[in-house]
Amino acid sequence: MTRTPSPTRPHRRGRARGALLCAALVAATLQTSAAPASAEGPGHHGDRDCVRTERPLDGQARKVLDIARKAKKDLKLNSVEFKVTLDGREVLTDALGESMTGVPAQPDMHFRAGSVAFAHIGTTLLQLVEEGKVSLDDTVERWLPDVPKAEQITLRMLASNTTGLHDYVTDPAFLAELVPHPFRQWTPNELLAFPYSHSFWYEPGTSWSYSHANYQLLSQALEKITGIRIDELLKERIWGPLGLRNTQNNFTPDIPSPVLHAFTSDRGIYEESTFWNPSWTTAPGAVITTNICDLARSARAIGSGELLSPRSYRTFLDPGTVGLGGATATCPATICLKQTEAAHFGLGIIVANTWLVQNPSFSGYAAIQAYLPSERLAIAVSTTKTADTPDGNTAEDVATLIAAELAPDTPLTIV
């Protein structure tokens, strides 16, 4: 879960950072059906499949709309985009507020989706395991010989955040460089130098701690294993099969039109952050943008294991993380978060009270994809801020309120 650092307060690891993230595991999609986007592609207005739900609304949709409107007001949000589906049926798609002054938010607008890509990468890894190309317990020295303790670190550890590598996103030295230079283009080697400068929190595989370094390395490993660049690999195995035609990697800070603009006070003043460089958020090739309909589709497909065998889906939800974590002499409880059945990190997904979640939040953008298998309920929300919006992932806050209405017996609890 990528969270934007602030120059005026300590960086907070997203409340749902890692299954705990979501459930407190720390640090960092998509539509009612696989309906394809407009033939014009993501760079144009005209995604005729991602539009507001036709009026009049039924009672359930009206309740969701009322919740979103109230949340926008209470949280002082600039915009709220959301799509909710139940058993694959659209409940409501809508967008409230503005992208920019005088420019209404629209459901087809594109925004940054950050760690949503981690769930896609984890799913891709499990597909390769199913095909016999690799084992989750293969160590990485074959593909990544220069990684410290490469002979101990496995693909499973990278995907489940159990390597013990520090998270560069919360490293004060990294933040000191990032905050004053939001347009800087970062390379993987520059980013990995920060965790490599620290000793491991613990021996690989013996605990749990969130680190963006793990998905930098896992992306590199998958490229070596398949011989395919990670953006092409995700397009081939995830975005294409699911019809996510408005989800794509961006090698530059550009966002395909139409754009949902973002604003933040992270540097002490309220300023536009739409085109701040996201190269630090994850590996080149996995820096994605999407729209709210793709996000809802991703929530449902990834959350239900649509692209995995039943056995792989079980591993996706718990690759062995449950029971790990907890404070030790070398790792504080705020880093080595306790992984429980109710709140833990899977292979790129957060498990929170049986909800399956990813919740990116950085550079003024906040989003969440959440899926409740027992109800086949998918919730996708994206929010942007005003100068008065409170700290935290406000998309989580909106989704939690919607979940309370539609699934009152199973709260969406992200700690």
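The coordinates are above.
Not measured: the values here are computed from a predicted model.

> Tell me what's going on with the overall build of the protein chain, and back it up with residues and numbers.
When helices and strands are counted, the protein chain shows 11 helices and 14 strands. Of the roughly 14700 Å² of accessible surface on the protein chain, a fraction of 53% belongs to carbon and sulfur atoms.

> If you had to explain helix 3 (residues 116–130) to someone new, which residues and values would you point to?
Between the first and last C-alpha of helix 3 there are 22 Å, a value that for 15 residues agrees with the 21 Å anticipated at 1.5 Å per step. Among the 15 residues that make up helix 3, 13 are buried, leaving the element largely enclosed by the rest of the structure. Phi turns positive, to about 80°, at Gly132, one or two residues after helix 3.

> Can you lay out empty space enclosed by the protein for me, pointing to particular residues and giving the numbers?
Counted as a void, the second largest cavity has a volume near 30 Å³. Classifying every residue of the lining of the second largest cavity by side-chain character gives five nonpolar, two polar and one charged.

> Outline the pairing of strand 1 (residues 77–86), supporting the account with residue identities and numerical values.
Across the 10 residues of strand 1, nine count as buried, placing the element largely inside the fold. Pairing of strand 1 with strand 14 (residues 377–385), which is carried by nine bridges, proceeds in the antiparallel orientation. In the strand pairing of strand 14, Leu77 is matched with Lys385. Examined bridge by bridge, strand 1 and strand 2 (residues 89–100) share eight bridges and lie antiparallel to one another. Looking at the pairing, Leu86 lines up with Arg89 of strand 2. Between the antiparallel neighbours strand 1 and strand 2 lie two residues, among them Asp87 with a positive phi of about 55°.

> Just give me the short version of the pattern of salt bridges, but keep the residues and values in it.
Within the structure shown, the criterion is met by 17 salt bridges. Between Arg376 and Asp87 there is a salt bridge, with its nearest N and O atoms 3.1 Å apart. Placement of Arg376 in the loop between strand 13 (365–372) and strand 14 and of Asp87 in the loop between strand 1 and strand 2 is noted, with a sequence separation of 289 residues between them. As a salt-bridge pair, Arg184 and Glu177 come within 3.4 Å of each other at their nearest N and O atoms. For Arg184, a relative accessible area of 27% translates into the label partly exposed.

> Can you lay out the nonpolar core for me, pointing to particular residues and giving the numbers?
With 113 residues, the main nonpolar core has Trp355 and Val381 as its most contacted residues. When residues of this core are assigned to their parent elements, the largest contribution, eight residues, is made by helix 3. Here Val381 is in contact with Val80, Glu81, Phe82, Ile292, Leu295, Ala366, Ala367, Ile368, Ala395, Val398, Ala399 and Ile402, once residues within four sequence places are set aside. Trp201, Tyr202, Ile335 and Cys336 belong to the second largest nonpolar core, which has five residues in total.

Here is what the cut-offs are and how they apply
- Residues numbered from 1 in each chain as written.
- Predicted model: local features only at pLDDT ≥ 70, side-chain atom pairs only at ≥ 80, totals over all residues.
- Heavy atoms only, no water.
- Helix = DSSP H or I, 4+ residues; strand = E, 2+ residues; numbered from the N terminus.
- Areas by Shrake-Rupley, 256 points an atom, 1.4 Å probe, with all protein chains shown as cover.
- Expected span 1.5 Å × (residues − 1).
- Buried < 20%, exposed > 50% of the residue type's maximum accessible area, 1.4 Å probe, protein only.
- 1 Å grid on protein atoms, 1.4 Å probe; cavity = no way out; pocket = protein on both sides within 12 Å on 5 of 7 lines; lining within 4 Å.
- Points joined across faces, edges and corners; volume = space filled by probe spheres on them.
- Nonpolar A, V, L, I, M, F, W, Y, C, P; charged D, E, K, R; others polar.
- Pairing = 2+ DSSP bridges.
- Salt bridge = Lys/Arg side-chain N within 4 Å of Asp/Glu carboxyl O.
- Core = buried A, V, L, I, M, F, W, Y, C linked by side-chain atoms within 4.5 Å.
- Contact = heavy atoms within 4.5 Å.

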